[in-house]
Amino acid sequence: MSTVFKLHIYAVDRAIYDGDCVSLTVPITDGQIGVLAHHTPLAAAVVPGKITYRPPQGREAVTLACGTGILRFANNDALVLLDSVKAAEAK
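Residues numbered from 1 in each chain as written. Predicted model: local features only at pLDDT ≥ 70, side-chain atom pairs only at ≥ 80, totals over all residues. Heavy atoms only, no water.

Q: I tried to follow the pattern of salt bridges on my own but got confused; where do I start?
A: Side-chain pairs of opposite charge can arise whenever the charged atoms involved come near each other. Going through the model one piece at a time under the given rule, you end up with three salt bridges. Residue Asp20 pairs with Lys6 through a salt bridge whose shortest N-O separation is 2.7 Å. Placement of Asp20 in strand E2 (residues 15-21) and of Lys6 in strand E1 (residues 5-11) is noted, with a sequence separation of 14 residues between them. On the accessibility criterion, Asp20 (30% relative accessible area) is partly exposed. Ionic pairing is found between Arg72 and Asp77, a salt bridge with its closest N-O pair at 3.9 Å. Taking the relative accessible area as the measure of exposure, Arg72 reaches 35% and is therefore partly exposed. (Salt bridge = Lys/Arg side-chain N within 4 Å of Asp/Glu carboxyl O. Helix = DSSP H or I, 4+ residues; strand = E, 2+ residues; numbered from the N terminus. Buried < 20%, exposed > 50% of the residue type's maximum accessible area, 1.4 Å probe, protein only.)

As structure tokens, then:
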């Protein structure tokens with residue numbers, strides 16, 4: 001079984017990422033949710049915080065600061081629609 005799923009992250013004014021992904025972590029109203037390939041279908045409200053996703057083939061994880069939005073996962077495809085997003089500040 002594949003460990004990769006499709007990820008689409010869009011802000012109001014542009015596409016942020018559209019490609020394969022091996023893991024995704026998103027801030028939601030109950031805390032954070034982690035998504036891997038073949039996750040159970042879901043829809044959740046995204047709250048301001050940090051989104052982290054890892055592209056396949058050992059590439060570095062990417063962390064973004066986000067505003068509010070929605071996460072939908074179905075058929076091994078994740079869609080994240082956000083009102084605002086930017087590169088997270090390094091610590």
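Q: Explain the nonpolar core to me, please; I cannot follow it from the model alone.
A: The nonpolar side chains of a soluble globular protein tend to be buried with one another. With 25 residues, the main nonpolar core has Phe5, Leu7 and Leu24 as its most contacted residues. At four residues, E1 tops the list of elements feeding residues into this core. Apart from residues no more than four positions distant in its own chain, Leu24 is found in contact with Phe5, Leu7, Ile33, Gly34, Val35, Ile51, Thr52, Tyr53, Leu71, Ala78 and Val80. (Core = buried A, V, L, I, M, F, W, Y, C linked by side-chain atoms within 4.5 Å. Contact = heavy atoms within 4.5 Å.)

Q: Before we go on, may I ask you to explain the environment of Asn75 in this structure?
A: Turning to its location among the elements, Asn75 is positioned in the loop between strand E8 (69-74) and strand E9 (77-82). For Asn75, a relative accessible area of 78% puts it in the exposed group. The spatial distance from the C-alpha of Asn75 to the C-alpha of Pro41 is 7.3 Å, given a sequence separation of 34 residues.

Q: Can you help me understand the packing of aromatic side chains in this one?
A: Given two aromatic rings, their pairing is described by the distance between the two centres and the angle made by the two planes. If you walk through the whole model with that rule in mind, you get two aromatic pairs. Ring centres 4.6 Å apart and planes at 35 degrees place the aromatic pair Tyr17 and Tyr53 in the tilted group. Of this pair, Tyr17 sits in strand E2 while Tyr53 sits in strand E6 (residues 49-54), and the two are 36 residues apart along the sequence. Tyr17 gets classed as buried once you look at its relative accessible area, which sits at 13%. For Tyr53, a relative accessible area of 6% puts it in the buried group. (Phe/Tyr/Trp six-rings, centres within 6.5 Å; stacked < 30°, edge-to-face > 60°.)

Q: Please explain the pairing of E2 as it appears in this structure.
A: A regular strand places its side chains on the two faces of the sheet in alternate fashion. Looking at chain direction, E1 and E2 are connected through six bridges and run antiparallel. Residue pairing in the sheet places Lys6 in a bridge with Asp20 of E2. Counting the residues in the hairpin turn of E1 and E2 gives three residues. (Pairing = 2+ DSSP bridges.)

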